[in-house]
Amino acid sequence: MTPIHLHIANKSYPAAGANPPHQAIANFSLRLQPGEFVCLVGPSGCGKTTLLNILAGLDSDYQGSIQASPAAHPPKIGYVFQNPRLLPWRTVQENLELAQPTPDLRAIDALLAAMQLSAFRHTYPERLSLGMSRRVAIIRAFAANPDLLLMDEPFVSLDAPTARQVRELLLSLWQQRPHNVLFVTHDLREAIALADRLVFTSAAPMQIVSEIPVTLPRNQRHLNEKIEVFRQHLLTEHASIKNLL
Amino acid sequence: MASLPKFSVTYIVNLLQKLLPIASLLTLLGFWQGLALLLDSSNLPPPYQVAQVLWRETESGQLPYHLGATLLRLVASFSIAMPLGCAAGILLGRNAKADAFFNHWLVMLLNVPALVTIILCYVWFGLVESAAIFAVVVNKLPNVIVTIREGARVLDKDLLEMAHCYQFGARKTLIHVIWPQLYPFVMSATRAGLALIWKIILIVELLGRSNGMGYQLHLYFQLFDVASILAYTIAFIVVMQLIEQLILKPLEQAAQQWRR
């Protein structure tokens, strides 16, 4: 694991049809410490997914740099997209093996067991529920053994109990295998439950408004009332973030 | 015994469904027989007479020899046209500049009559086997390219991004992401291709070869031997149906097993 420093000086989209040119990100600098879980919280359409796509190497049309120090090469990425993006014609196990640089069945066995999916290793994704598919997508990101794990609202469109279950499984997995995580969400309660640090961003062009460490002990993160108290405390202490939610 | 009525109804419905294609075939044969009896002309021999010719030609070894020659040409031209067409189709479907450059060539090739290509190939390269195969490939290639290009244009961008993100590389992306999505288009090009190729091969053989189905059909046309013409045609249709049932359908089913 290495610290990762990213600086996006400018990311703009040119005019397209009736849409004028649009600056998505401006002067955005963030440093991720090894094994740190960072949640990016900001208004809808502010450029969070654009930032993740830049980090994942899916968008190279920007001004700035991404560095995994001390290595010179760009960081290896695991990306949990908003929809699971599993290959429907490959089984769960095959989907996981493909994400690994060299196939490692023992690692896959352990990850499947941690996410309670061992019984579904030979199942095709179309036969899984949405919650299970999202768990497979999370496993895939871990299976790639990345330097940086990106998560773009991975629990969106899940019902509350399923989202909570998957969140707890994710947290347990991350605590066993700590990676640098950049997690995008709209949900402040979810962010408090997961993060070491919250990064609040403005509307487009996206900039950092505030960075707040989550001081709530990890052994209390499963308690809704503790999360709610911490949330209220944040909203009282940092009035500026109210408008971003 | 109490379950007999339920069993009987299901059994009869299933049986009727299975018998339907056979009933359809028998109706066609009956219609043909009736028409042949009505016309009473050598221009439309009855089915049993065609069956006799079919048996005679098979026994003499003539039909297997000529059918084999045509099938070899079909396999050769298909084996060249499909991989080339798939590669070119993927290139044009994924690369807008290449597509813009080659699109007019493609439209032109699609509109050149098969007969013209065959004649030109024979004139330029002589009445040789390679010219015959080349002519068939040139006729088939544009159709494969157009079909595969359509498939390559609608590849799932999300999955391609995922593959890029997880560093699949070109080989893994082609095998596990692109090919399964192109598979229905490849099957479509294969089916249409086989049907088209064998028809073109007949013309190629008719114009410039000394064996094959086309050569034999030409011979029997000169003799006005309709029974032999029909016998050879039926033999080839049967072979094509066997290819469909024994090769193409199982391949398609195997590739679709992941669907719910």
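Preceding this section is the structure that the text describes.
Bear in mind that the values here come from a model prediction, so they are computed numbers and not experimental data. (Residues numbered from 1 in each chain as written. Chains lettered and ligands numbered in written order. Predicted model: local features only at pLDDT ≥ 70, side-chain atom pairs only at ≥ 80, totals over all residues. Heavy atoms only, no water.)

Things to note about the overall build of chain A
Inclusion rule: Labels follow the DSSP assignment, with helices taken as runs of H or I lasting at least four residues and strands as runs of E lasting at least two, numbered in each case from the N terminus. Only C-alpha atoms enter the radius of gyration, while the globule expectation follows 2.2 Å times N to the 0.38, with N the number of residues. Here's how the labels work: a residue is buried when its accessible area is under 20% of the maximum for its type, exposed when over 50%, partly exposed in between, all with a 1.4 Å probe on protein chains only. Contact criterion: two residues are considered in contact whenever any of their non-hydrogen atoms come within 4.5 Å of each other. Using the Shrake-Rupley algorithm and a 1.4 Å probe, accessible areas are obtained, with residue cover drawn only from the displayed protein chains.
The helix and strand inventory of chain A stands at seven helices and nine strands. Its C-alpha radius of gyration of 18 Å places chain A within 12% of the 18 Å reference for a compact globule of 245 residues. Along the longest, intermediate and shortest principal axes, the C-alpha atoms of chain A span 45 × 45 × 40 Å. Within the span of chain A, comprising 245 residues, buried residues form 54% of the whole. For chain A, contacts bridging at least 24 residues in sequence account for 70% of all contacts bridging at least 6. Accessible area for chain A stands at about 10,500 Å²; split by element, carbon and sulfur atoms hold 52% of it.

Some words on the packing of aromatic side chains
The following threshold applies: Two rings belonging to Phe, Tyr or Trp (six-membered ring only in the last case) form a pair when the distance between their centres is within 6.5 Å. Interplanar angles under 30 degrees mark stacking, angles over 60 mark edge-to-face geometry, and anything in between is tilted. Two thresholds decide whether a charge sits over a ring: the Lys NZ or Arg CZ must be within 6 Å of the ring centre and within 35 degrees of the ring normal.
With the rule as written, the count across this model stands at 12 aromatic pairs over all chains. Relative to Trp 174 of chain A, the ring of Phe 37 of chain A has its centre 5.1 Å away and its plane inclined at 85°; by these criteria the two rings are edge-to-face. With Phe 37 of chain A in strand E3 (residues 37-41) and Trp 174 of chain A in helix H5 (residues 160-176), this pair connects stretches of sequence that are 137 residues apart. There is no split in this pair, since Phe 37 of chain A and Trp 174 of chain A are both buried. Measuring from centroid to centroid gives 4.4 Å for Trp 198 of chain B and Phe 236 of chain B, while their planes differ by 35°, and the two rings are tilted. Of this pair, Trp 198 of chain B sits in helix H8 (residues 169-208) while Phe 236 of chain B sits in helix H10 (residues 226-255), placing them 38 residues apart in sequence. Judged by its relative accessible area of 12%, Trp 198 of chain B is buried. A relative accessible area of 0% places Phe 236 of chain B in the buried class. In this structure an aromatic cluster arises from ring pairing among Phe 37, Phe 155, Trp 174 and Phe 183 of chain A. If you follow Lys 11 of chain A out to its NZ or CZ, it ends over the ring of Tyr 13 of chain A, 4.5 Å from the centre. In this structure, Arg 85 of chain A is placed above the aromatic ring of Phe 81 of chain A, and the distance from its NZ or CZ to the ring centre is 3.9 Å.

What to know about the environment of Leu 127 of chain B
Residue and element names in this part refer to chain B. Tracing the sequence through the fold places Leu 127 in the loop between helix H5 (114-125) and helix H6 (129-153). With relative accessibility at 54%, the residue Leu 127 sits in the exposed group. Separated by 82 residues in the primary sequence, Leu 127 and Arg 209 have C-alpha atoms spaced 7.2 Å apart. In contact with Leu 127, other than residues within four places in its own chain, are Tyr 122, Gly 208 and Arg 209.

Some words on the interface of chain B and chain A
Put simply, the rule is: Buried area is a sum: the accessible area each of two parts loses on coming together, probed at 1.4 Å, counted once for each and added. Salt bridge, as applied in this entry: a Lys or Arg side-chain nitrogen positioned within 4 Å of an Asp or Glu carboxyl oxygen.
Contact residues are listed per partner, giving 19 residues for chain B and 26 residues for chain A. Buried surface at the junction of chain B and chain A, both sides included, amounts to about 2,100 Å², of which 59% is carbon and sulfur. The largest contributions to the chain B side of the interface with chain A come from Cys 165, Tyr 166 and Trp 258 of chain B, which together make up 36% of the buried area. Run the count over chain B and chain A and you get two salt bridges. A salt bridge links Asp 158 of chain B to Arg 85 of chain A, with the nearest nitrogen and oxygen atoms 3.4 Å apart.

Re the sheet that holds strand E1 (residues 4-13) of chain A
Residues and elements named next belong to chain A. As a reminder of what qualifies: Strand pairing is assigned whenever DSSP detects at least two bridges linking the two strands. Lines fitted to the C-alpha atoms define the axes, with helices restricted to the stretch that makes contact. Angles between their N-to-C directions range from 0 to 180 degrees.
As summarised here, the arrangement of the three strands in space is E2-E1-E4, forming an open sheet in which the pairing is antiparallel. Edge positions in the sheet fall to strand E2 (22-32) and strand E4 (63-68), since each has one partner strand and no second. Each adjacent strand pair in this sheet contributes to an overall mean axis angle of 10°, direction not counted. Summarising the sheet, E1 and E2 pair through nine bridges and their orientation is antiparallel. Within E2, the residue paired with His 7 across the bridge is Ser 29. In the packing of helix H1 (residues 48-55) onto the sheet, contacts are made with E1, E2 and E4, and the angle to E1 comes to roughly 120°.

Comments concerning helix H4 (residues 96-111) of chain B
One turn of the α-helix equals 3.6 residues, which is why residues spaced by three or four share an orientation. All names here are of chain B. Basically, it comes down to this: One less than the residue count of a helix, multiplied by 1.5 Å, gives the span that helix is expected to have. The quantity called bend is, for any residue, the angle between two axes fitted respectively to the seven residues ending at it and the seven beginning at it.
With 16 residues, H4 should reach 22 Å at 1.5 Å per residue; the first-to-last C-alpha distance of 22 Å fits that figure. By the largest-angle criterion, Phe 102 marks the main kink of H4, which is about 45°. Every buried residue of H4 is accounted for by Ala 98, Asp 99 and Leu 106. Looking at the buried side of H4, the elements it contacts are helix H3 (62-94) and H6.

Side note on the nonpolar core
Selection criterion: In these notes, a set of buried Ala, Val, Leu, Ile, Met, Phe, Trp, Tyr and Cys residues joined through side-chain atoms within 4.5 Å is what counts as a nonpolar core.
Counting residues in each nonpolar core, the largest one holds 104 residues, and the members touching the most others are Leu 51, Ile 138, Leu 170, Leu 182 and Leu 198 of chain A. By residue number, the principal contributor to this core is helix H4 (residues 130-143) of chain A, which donates eight residues. Not counting chain neighbours up to four residues away, the residues in contact with Leu 51 of chain A comprise Leu 6, Ile 8, Ile 25, Phe 28, Leu 40, Leu 182 and Met 206 of chain A. Residues Tyr 122, Ala 135, Leu 217 and Leu 248 of chain B belong to the second largest nonpolar core, which totals 29 residues.

Describing the pairing of E3 of chain A
All names here are of chain A. Most of E3 sits out of view: five of its five residues are buried. Residue alternation in E3 divides its side chains into two sets, Phe 37, Cys 39 and Val 41 and Val 38 and Leu 40, and both sets are buried. Bridging between E3 and strand E7 (residues 180-185) involves five bridges; their strand directions are parallel. When the bridges of E7 are listed, Val 41 appears paired with Thr 185. Summarising the sheet, E3 and strand E8 (residues 197-201) pair through four bridges and their orientation is parallel. From the neighbouring strand, Cys 39 faces E8, where its bridge partner is Leu 198.

Fair warning: the whole summary comes from geometry, so function is off the table for now.
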